[in-house]
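Okay, here's what each chain looks like letter by letter:
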Amino acid sequence: MAAYDLAIIGSGPGGYVTAIRASQWGLKTLVIEKDGFLGGTCLHVGCIPTKVLLYHAELYDTLKHAGEFGIEVSDVKVNWPAMLARKERIVNKHAKGIEFLFRKNKVASMQGWGRWAAPHHVQVENDGKITDVEATHILFATGSEARSVPGVEFDGKVIVGNRDILKVPQIPKTLVIVGAGAVGVEFASIFRSFGSDVTLLEMLPRIVPLEDEEISAELEKNFRKRGIGIFTEAKVESVKKDAAGATVVFRDKSGASQTLPAEIVLIAVGRAPLTQNIGLEKTRAKLERGFVHVGRYMETAEPQVYAIGDIVAGMPQLAHAASMEGIIAVGRMAGMQVPTLERSRIPAATYCDPQIGSIGLTEKQAREAGYAVKIGKFPFLANSKASIIDHHEGFVKVVADDPSGEVLGVHIIGPLATEILAESVAALQLEATIDDMLFTVHAHPTVWEAMGDAFASVRGLAINI
């Protein structure tokens, strides 16, 4: 008998969620974590810390305009060290929470670098000591790390990635961000709120390039209104440190060379899978540019070896995707009836101001797939709760198939977009039609009820506009 039914390498939102569900389904489980804490990148230097600072920025922006709400506030200041301290308290609280959940669910953990050694065997190295762990199933949830631009190296102080930007000792007066995906626009939003002069450089023709084109245009309009500089189709040629910080040289969309000085340069051009030195190269698992190819239940070509999360080829690098991938994988191991995970059913959430929430096909993707597309849109300007909270920016956009009424995608930019997206996730998961959604009751007054008018607008039946 193997010592464990399942050994998981990595304790991020993929690894720890998978471990708990595995235990709930009767699998004796061990989690191997290289760091001295549980939770991985998402909890310690990714999802949670950035959202703490984004919420602080939202509060600060609200207080600066408190007079509009009849509240007199004077001398509003940012205490950056106190903000960083609160961020650490929240992170530590939830890391301890994972430790508690492991004890509650009888999940074992071990610190060290885990790697595949042989079928059903994992080698764990810690402080020069090597331990052999035997497990029936092995699951890799090793996550990713920030990429850099070719020829540019992180120094952790002036040229930084998402990890070190969270530790800067003071708010920079000038910040250049290379990359305008989710990470780039979130940090642009944070530091602009706190007074930094922020410039975004994006290599592709639009910011948040994975979102629907109208969402990208709306965010760019809002960012420019906030005073954030934006260059699209910008090719960075060099980032060089100097006495004042660094200088970024890039070619703009016209081909002209431009120079930008900055106290700090944040590189946010994507993430590389952490699959080096974990033994997968010795298995039958297929890797491509470091990403692991898996089957419908996250299984690799090596028997009883699985991979989930940021290292999986063809899937989005999102914490919640990793969690569900793990749940599906252990369901398969435990002999449970579990569905496969459709990429188009995975929501995306970006917490900049204004927020973005999206799921399913964009309008362009739906047309390219051959659907007879029908669009519905509803602006938050016409939503009463948006007026109450004084956030009118943005809209809800619904992409549907005209003949069947099938909901193909929903794209939101505006107040609480990442929260009200939940209804659309359920709608797509249950294959709902526009006509199903027309008779869904939305509480009034809520930002959420904008969803009802957006679905109705596909049929030309929106009430509030």
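That block above? That's the structure.
Every value quoted in this text rests on a predicted model; they were computed, and no experiment measured them. (Residues numbered from 1 in each chain as written. Predicted model: local features only at pLDDT ≥ 70, side-chain atom pairs only at ≥ 80, totals over all residues. Heavy atoms only, no water.)

S.K.: Residues and numbers for the overall build of the chain, please.
M.R.: Across its full length, the chain carries 13 helices and 24 strands. For 465 residues, the compact-globule estimate of 2.2 N^0.38 gives 23 Å, and the chain sits close to it at 23 Å. Projected onto its principal axes, the C-alpha positions of the chain cover 65 × 60 × 50 Å. Across the chain, the fraction of contacts at a sequence separation of at least 24, relative to all contacts at a separation of at least 6, is 63%. Only carbon and sulfur atoms are counted for the fraction: they give 53% of the accessible area of the chain, which is about 21600 Å². Here the chain contributes 48 positive and 54 negative side-chain charges, whose respective centroids are spaced 4 Å apart. (Helix = DSSP H or I, 4+ residues; strand = E, 2+ residues; numbered from the N terminus. Rg over C-alpha atoms; globule rule 2.2 N^0.38 Å. Contact = heavy atoms within 4.5 Å. Areas by Shrake-Rupley, 256 points an atom, 1.4 Å probe, with all protein chains shown as cover. Lys, Arg positive; Asp, Glu negative; His and termini not counted. Charge placed at Lys NZ, Arg CZ, Asp CG, Glu CD.)

S.K.: Tell me what's going on with the nonpolar core, and back it up with residues and numbers.
M.R.: Generally speaking, nonpolar side chains in soluble globular proteins are found buried as a group. Core analysis: the largest hydrophobic core is formed by 45 residues, its most contacted members being Phe102, Val122, Leu139, Phe140 and Met333. For this core, the secondary-structure elements that each account for two or more residues are strand S1 (4-9), helix H1 (15-24), strand S2 (29-33), helix H4 (80-104), strand S5 (121-126), strand S6 (129-140), strand S19 (305-307) and helix H7 (319-333). In this structure, Val122 is in contact with Ala7, Ile9, Ile32, Gly114, Arg115, Ala117, Thr131, Asp132, Val133 and Ile138, ignoring residues within four places of it in sequence. Val45, Val160, Ile165 and Val185 belong to the second largest nonpolar core, which has 37 residues in total. (Core = buried A, V, L, I, M, F, W, Y, C linked by side-chain atoms within 4.5 Å. Buried < 20%, exposed > 50% of the residue type's maximum accessible area, 1.4 Å probe, protein only.)

S.K.: Would you mind going over the sheet that holds strand S21 (residues 355-360) in detail, with residue names and values included?
M.R.: Judged by pairing direction, the sheet is antiparallel, and its 5 strands sit side by side in the order S20-S21-S24-S23-S22 without closing on themselves. Lying at the two open borders of the sheet, with one neighbouring strand each, are strand S20 (348-350) and strand S22 (373-379). Pairs of neighbouring strands in the sheet enclose a mean axial angle of 10°, with direction left out of account. (Pairing = 2+ DSSP bridges. Axes fitted to C-alpha atoms, helices over the stretch in contact; angles between N-to-C directions.)

S.K.: Describe the state of the cysteines, and please don't skip the residues or the numbers.
M.R.: Enumeration according to the criterion identifies 1 disulfide in this entry. Across the disulfide from Cys42 sits Cys47; the S-S distance is 2.1 Å. Handedness of the Cys42-Cys47 disulfide follows from its S-S torsion of about -125°: it is left-handed. You can call Cys47 partly exposed: its relative accessible area is 26%. Cysteine Cys352 remains unbridged, with the sulfur of Cys47 as its closest cysteine sulfur at 15 Å. (Disulfide = S-S within 2.5 Å.)

S.K.: Please provide a residue-by-residue account of the packing of aromatic side chains, values included.
M.R.: Within the structure shown, the criterion is met by 5 aromatic pairs. Aromatic side chains Tyr60 and Phe194 sit 5.9 Å apart centroid to centroid with 50° between the ring planes, which places their arrangement in the tilted category. On the criterion of sequence distance, the pair formed by Tyr60 in helix H3 (residues 47-64) and Phe194 in the loop between helix H5 (182-193) and strand S10 (197-201) is long-range, its members being 134 residues apart. Residues Tyr60 and Phe194 agree in their burial class; the two are buried. The interplanar angle of 50° and the centroid separation of 5.7 Å between the aromatic rings of Trp80 and Phe191 together place this pair among those described as tilted. Taken together, the residues span a long stretch of sequence, with Trp80 in helix H4 and Phe191 in helix H5 at a distance of 111 residues. By the ring-pair criterion, three or more aromatic residues cluster together here, those being Tyr60, Trp80, Phe187, Phe191 and Phe194. Taking NZ or CZ as reference, Lys28 lies 5.3 Å from the ring centre of Tyr4, over its face. (Phe/Tyr/Trp six-rings, centres within 6.5 Å; stacked < 30°, edge-to-face > 60°. Lys NZ or Arg CZ within 6 Å of the ring centre and 35° of its normal.)

S.K.: Provide a residue-level description of the sheet that holds strand S9 (residues 174-178), including the pertinent values.
M.R.: Across the sheet, which stays open at both edges, the 5 strands sit in the order S8-S15-S9-S10-S11 with parallel pairing between neighbours. A single partner strand is all that each edge strand has here, and the edge strands are strand S8 (159-160) and strand S11 (229-231). With 2 bridges joining them, S8 and strand S15 (residues 264-267) adopt parallel strand pairing. Across the sheet, residue Val160 finds its bridge partner in S15, namely Leu266. In the packing of H5 onto the sheet, contacts are made with S9, S10 and S15, and the angle to S10 comes to roughly 165°.

S.K.: A description of H1 should follow, citing residues and the corresponding values.
M.R.: With 7 of its 10 residues buried, H1 lies for the most part within the structure. Buried residues of H1: Gly15, Val17, Thr18, Ala19, Ile20, Ala22 and Ser23, and no others. Contacts made by the buried residues of H1 are with S1, S2, H4, S6 and H7. Following H1 by one or two positions, Gly26 has its phi on the positive side, about 95°.

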